[in-house]
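# A closer look at the structure
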There are 2 protein chains.
Amino acid sequence: MNQVDYPAPVKQLILQLKRLPGIGPKSAERITVWLLQDRGDSMMTAIAKSLTTAEQEIGECETCGFFSTNEGCGICDRSGRDESVLCVVEQATDILPLEKSGAFRGYYHSLRGRISPLENVSPSDLRIDCLIKRLKSGAFAEVILALSSDVEGEATANYLVDLMAPLGVKISRLAQGLPAGGGLESADELTLFRALEGRRTM
Amino acid sequence: MNQVDYPAPVKQLILQLKRLPGIGPKSAERITVWLLQDRGDSMMTAIAKSLTTAEQEIGECETCGFFSTNEGCGICDRSGRDESVLCVVEQATDILPLEKSGAFRGYYHSLRGRISPLENVSPSDLRIDCLIKRLKSGAFAEVILALSSDVEGEATANYLVDLMAPLGVKISRLAQGLPAGGGLESADELTLFRALEGRRTM
């Protein structure tokens, strides 16, 4: 006798949810069952609608690479920002954390990744051409490289520095050192090395 | 100056995903961003479609309470099952684990919950009336109570036993004791008490 199983639409939903990052088979099943049992307020329709709306309305800003809507980009189209500084990040999602820090009010440029031979990402896969074009045509006096402080981030930073040197723009990068609230005992050697190297006179 | 934030459709999607069980604000944001950045195969449409299909096609079997489709119930409509035994469970989701154990091939009845004064669940909120109707009209010789071994499960079992006593059907419940693979050192006192109480001659 065949074993009893969930009906096909239930199995299909579990399968789809399982593809999401951080959702395993057990979570996918739990969410599916929860949705099916607890649907007084038509949760499923609401989520489906949000997904469809996001898919249809959200694009990538051609200038900075942040999420944009039909109404444009919430950063590039906003007046009152500092037009002399451009902050280069790896991902569009790196923008909001920087914005929330409150220490930067210039413009952004997301590379949509970083140079990584291991993951088959070469400079031509990134939004580097349009970065150079932007720097050539814009009034930016400084470019801040806000890239990860790991091997790929360093490689990308070095590549960009070589490329931007002839443009005569000031290039800086984020400071490296102890994270806020981090004690010395929890810092690794490389972090300590860089914190010492970058020490500031008080 | 207003702070930059995600566009409305992105925030809306994060909000919807955050309502799911086990998904916190961080996970919801991560999944949303992942969906928006990685959409070569239109994941979002696929998930939205699965949700809509499940919402439209999946119902509750009026007889047993398991998930049913337009084509009926995968358990009640299946021939070749043991018509003399009925297994009572709390939730429709308890059915598949029992089925997978391979130790039961009768019919099921989901109560859609259990008696819990703390959560305002009284017997009239459960599928108890139709259980009694089913027992009166059916040919069931035995009812197995496969309820949780906690206070609410016990209360529900006791309530059902009182109710079913006049029907002259044999009533049994799942054994309690050590879980498979569980050592004595990881068992709590109550489990050990019940395991001793229910010891079997070898």
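In this report, the structure presented in the accompanying data block is examined.

Criteria and thresholds
Residues numbered from 1 in each chain as written. Chains lettered and ligands numbered in written order. Predicted model: local features only at pLDDT ≥ 70, side-chain atom pairs only at ≥ 80, totals over all residues. Heavy atoms only, no water. Helix = DSSP H or I, 4+ residues; strand = E, 2+ residues; numbered from the N terminus. Rg over C-alpha atoms; globule rule 2.2 N^0.38 Å. Buried < 20%, exposed > 50% of the residue type's maximum accessible area, 1.4 Å probe, protein only. Areas by Shrake-Rupley, 256 points an atom, 1.4 Å probe, with all protein chains shown as cover. Lys, Arg positive; Asp, Glu negative; His and termini not counted. Charge placed at Lys NZ, Arg CZ, Asp CG, Glu CD. Phe/Tyr/Trp six-rings, centres within 6.5 Å; stacked < 30°, edge-to-face > 60°. Contact = heavy atoms within 4.5 Å. Buried area = accessible area lost by both parts, 1.4 Å probe. Salt bridge = Lys/Arg side-chain N within 4 Å of Asp/Glu carboxyl O. Polar contact = N/O pair within 3.5 Å; in protein donor to acceptor, adjacent residues only side chain to side chain. Nonpolar A, V, L, I, M, F, W, Y, C, P; charged D, E, K, R; others polar. Pairing = 2+ DSSP bridges. Axes fitted to C-alpha atoms, helices over the stretch in contact; angles between N-to-C directions.

Our focus in this paragraph is the overall build of chain A. The helix and strand inventory of chain A stands at seven helices and seven strands. For a compact globule of 202 residues, the expected C-alpha radius of gyration is about 17 Å, and chain A comes in at 23 Å, more than 25% above that figure. Across its three principal directions, the C-alpha atoms of chain A cover 75 × 45 × 35 Å. Across the 202 residues in chain A, those meeting the buried criterion constitute 40%. For chain A, the exposed surface amounts to about 11300 Å²; the carbon and sulfur share of it is 51%. The centroid of the 22 positive side-chain charges in chain A is displaced by 2 Å from the centroid of its 27 negative side-chain charges.

All right, on to the packing of aromatic side chains then. When we look at a pair of aromatic rings, we describe it by the centre distance and by the angle of the planes. All told, the structure shown has eight aromatic pairs over all chains when counted by the stated rule. Judged by centre distance (5.1 Å) and plane angle (65 degrees), the ring pair of F104 of chain A and Y108 of chain A falls under edge-to-face. Both residues of the pair, F104 of chain A and Y108 of chain A, belong to the buried class. One aromatic cluster is present, built from ring pairs that chain together Y6 of chain A together with F66 and F67 of chain B.

Each side of the interface is counted separately: chain A has 59 residues, and chain B has 59 residues. In this assembly, chain A packs against chain B so that about 5500 Å² is buried in total across both faces, 69% of it on carbon and sulfur atoms. Applying the counting criterion to the chain A and chain B interface returns zero salt bridges. Across the contact surface, chain A and chain B share two residue pairs in polar contact (both at pLDDT 80 or more). Within the residue set of the side of chain A that touches chain B, elements represented by two or more residues are α1 (8-18), α2 (25-37), α3 (43-57), β2 (67-69) and α4 (95-101) of chain A. Considering each element in turn, the side of chain A that touches chain B owes the most residues, 13 residues, to α3 of chain A. Of the residues that constitute the side of chain A that touches chain B, the class distribution is 29 nonpolar, 18 polar and twelve charged.

Before going further, it helps to spend a moment on the sheet that holds strand β6 (residues 142-146) of chain B. By definition, the strands of a sheet pair up through backbone hydrogen bonds, in either a parallel or an antiparallel sense. Residue and element names in this part refer to chain B. Taking strand neighbours across the sheet as the criterion, the four strands line up as β5-β4-β6-β7 in an open arrangement whose pairing is parallel. Edge positions in the open sheet fall to β5 (107-110) and β7 (170-173), since each of these has one partner strand only. With direction set aside, neighbouring strand axes in the sheet form an average angle of 25 degrees. Bridging between strand β4 (residues 85-89) and β5 involves four bridges; their strand directions are parallel. Of the residues in β5, the one forming a bridge with V88 is H109. The strands touched by helix α5 (residues 129-137) within the sheet are β4, β5 and β6, with β5 carrying the most contacts at an inclination of about 155 degrees. The sheet strands contacting helix α6 (residues 151-164) are β4, β6 and β7, and the helix crosses β6 at an angle near 165 degrees.

Honestly, it's all geometry; don't read function into it.
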